[in-house]
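Summary of the model geometry
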Amino acid sequence: MILSRLLHSNRGKNLFLPAHGRGLALPREISNLLKKRPGIWDLPELPDFGGPLEESGAVAESQEFFAAQFGVKRCWYGVNGATGLLQAALIAMVRPGKAVLMPRNVHRSLIHACAIAHIKPVFFDLPFLADRGHVQPPDVKWMKKVLEQISIRGLDLSAVVLVNPTYHGYSSSLEPLVRMLHLSGLPVLVDEAHGFHFAISDELDLPASAISVGADLVVHSLHKSGPGLVQSAVLWLQGDRIDPFVVNRSVGWVQTSSPSALLLASCEASLREFLRPLGQRRLRQRVDAARKIAFDLLSDGLPLLPNQDPLRLILHTSTAGVSGFEADRYFISKELVAELPEPGCLTFCLGLVRHRGLVKLLQKRWNALLSTRATRKPLGPFLSPEFPLISVLSMDCGTAWTAEFVKLPLQDSVGSVCAELICPYPPGIPMVIPGELLDSRRVQWLISQRTFWANQIPSEIGVLK
Ligand SMILES: Cc1ncc(COP(=O)(O)O)c(C=O)c1O
């Protein structure tokens, strides 16, 4: 079943992740390796090969070499995606029972880490764009308000997490944010899962990478924003605020004891690819081509939303009265497969491959979709979840998640403490978190979201007994 699906799902236009586009943009070394005798690359941690935690062997040498190339102190390759390395990074930065400030749009992996390690998340809300239902990363002014509130409420933080860029490619200027947080004495972890390519070249006119602005820990998903195989990722450490020994220990806690040699090779090859002139030239071509695609589509009247990552195209379907889900279903029926459908938008990931004829194809499909519609009355504005600027859980996330619970119809859950995570995927951003008190506003908002995400938001919710 799985194998035949893999072999026969090659039709149509793939505008989803991983960014290597079903092998087309894999680094040459990895393509060549995969052409060799099947399985030749499946090795255990032999002494000369080692693994991400070993002090010697090929993996250690590679990590050391590329940490130096990227100008940082240490790096660790990951074989469980950005997920595993974000968890290791958070557990390294924050002790059990201590608090970490994080935006409300964090990936669920960080909530899992809070649950496992009994870390207290303190959430900050983000600017909400009601015309499309997206949040934006914070700017300095926003973050100042957040820190003021933290201080007024006397919350004691151990660290801060930032998510930049978002899945949609929205990015804020990280440099002043990181500087401000460092001045407040806080180490910063940046989830840059979607922005490995930001770390590559100053000449591409992309936002500055978290590495270049001095974030203490940075995680890149190499399959989302680099040419890596799925699950390949890298964690970078710089400065003196975080002890590498502690990070190493945390990576060991969450990493498999048998890391895949193929994935480790893919991590190395992805870093090498983006550092060598040919890889940089290819990236530049992809970025230039993506800018041209967006320009042509906009000139033809397609409702694309501006963002900071040219490799992500956000089609604002709701302006024409079409939800992102409807558009997705229609496009898939025409063999055009996007990455991220949402109530107001459909996001395409161009990845690192060439897309010949994409402008014409998208114009044709979009116009055909519109011609099936009797009305084009815009949808929205979308309802903000109205999180307070700062919010904390009413009880420990891990304790609530593992406690005995009962299922209640959503409308009857007001006043209860949530015992489960509700989190549509993609994008993997939790709407409700275990340990959260469900007030009537949140419950009403959840109920309203069921109109759009019916299959992903259940009509009943698990709450503490
Ligand atoms: C912002 C963000 N961080 C982290 C992750 C996890 O990445 P990975 O799939 O590499 O584990 C995702 C996945 O969607 C994400 O969107």
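For the structure, see preceding data.
Cut-offs and rules
- Residues numbered from 1 in each chain as written.
- Predicted model: local features only at pLDDT ≥ 70, side-chain atom pairs only at ≥ 80, totals over all residues.
- Heavy atoms only, no water.
- Near = heavy atom within 4 Å.
- Polar contact = N/O pair within 3.5 Å; in protein donor to acceptor, adjacent residues only side chain to side chain.
- Areas by Shrake-Rupley, 256 points an atom, 1.4 Å probe, with all protein chains shown as cover.
- Helix = DSSP H or I, 4+ residues; strand = E, 2+ residues; numbered from the N terminus.
- Nonpolar A, V, L, I, M, F, W, Y, C, P; charged D, E, K, R; others polar.
- Axes fitted to C-alpha atoms, helices over the stretch in contact; angles between N-to-C directions.
- Parallel < 35°, antiparallel > 145°, perpendicular 65-115°, else oblique.
- Contact = heavy atoms within 4.5 Å.
- Phe/Tyr/Trp six-rings, centres within 6.5 Å; stacked < 30°, edge-to-face > 60°.
- Buried < 20%, exposed > 50% of the residue type's maximum accessible area, 1.4 Å probe, protein only.
- Lys NZ or Arg CZ within 6 Å of the ring centre and 35° of its normal.

Comments concerning the site of the ligand
Every one of the 13 residues lining the ligand counts as a neighbour, but Ala82, Thr83, Asp191, His194 and His223 are closest to it. Between Lys224 and the ligand, the recorded distance is 2.9 Å, taken from a side-chain N or O atom to an oxygen atom. Tyr425 is positioned such that a nitrogen or oxygen atom in its side chain is 3.3 Å from an oxygen atom of the ligand. Taken by itself the ligand offers 390 Å² of open surface, and the protein chains cover 92% of this. Those elements that place two or more of their residues in the shell around the ligand are helix 4 (81–93) and helix 8 (222–225). With four residues, helix 4 is the largest single contributor of residues to the shell around the ligand. Considering only residue class, the shell around the ligand consists of five nonpolar, six polar and two charged.

Structural notes on the packing of helix 10 (residues 261–275) against helix 11 (residues 277–299)
It is the contact of helix 10 with helix 11, at a shortest axis distance of 4 Å, that shows an interaxial angle of 75°. Classified by the angle their axes make, helix 10 and helix 11 are roughly perpendicular. For the pair helix 10 and helix 11, the contacting residues are Glu273, Phe274 and Leu275 in the first and Pro277, Gly279, Gln280, Arg282 and Leu283 in the second. Within the contact of helix 10 with helix 11, the residues separate by chemical class into four nonpolar, two polar and two charged.

A look at the packing of aromatic side chains
In total, this model carries nine aromatic pairs according to the counting rule given. Consider the rings of Phe65 and Phe66, whose centres lie 4.9 Å apart with planes at 90°: the pair is edge-to-face. Between Phe70 and Trp236, the ring centres sit 4.5 Å apart and the planes meet at 35°, which makes this aromatic pair tilted. Here Phe70 is found in the loop between helix 3 (58–69) and strand 2 (74–78), whereas its partner Trp236 is found in strand 10 (residues 233–237), with 166 residues between them in sequence. The residues Phe70 and Trp236 share a single accessibility class, namely buried. An aromatic cluster of at least three residues, connected via ring pairs, comprises Phe70, Phe196, Trp236 and Phe274. Of note, Arg104 hangs over the ring of Phe123, and the distance from its end group to the ring centre comes to 4.8 Å.

Any link to function would need more than the numbers given here.
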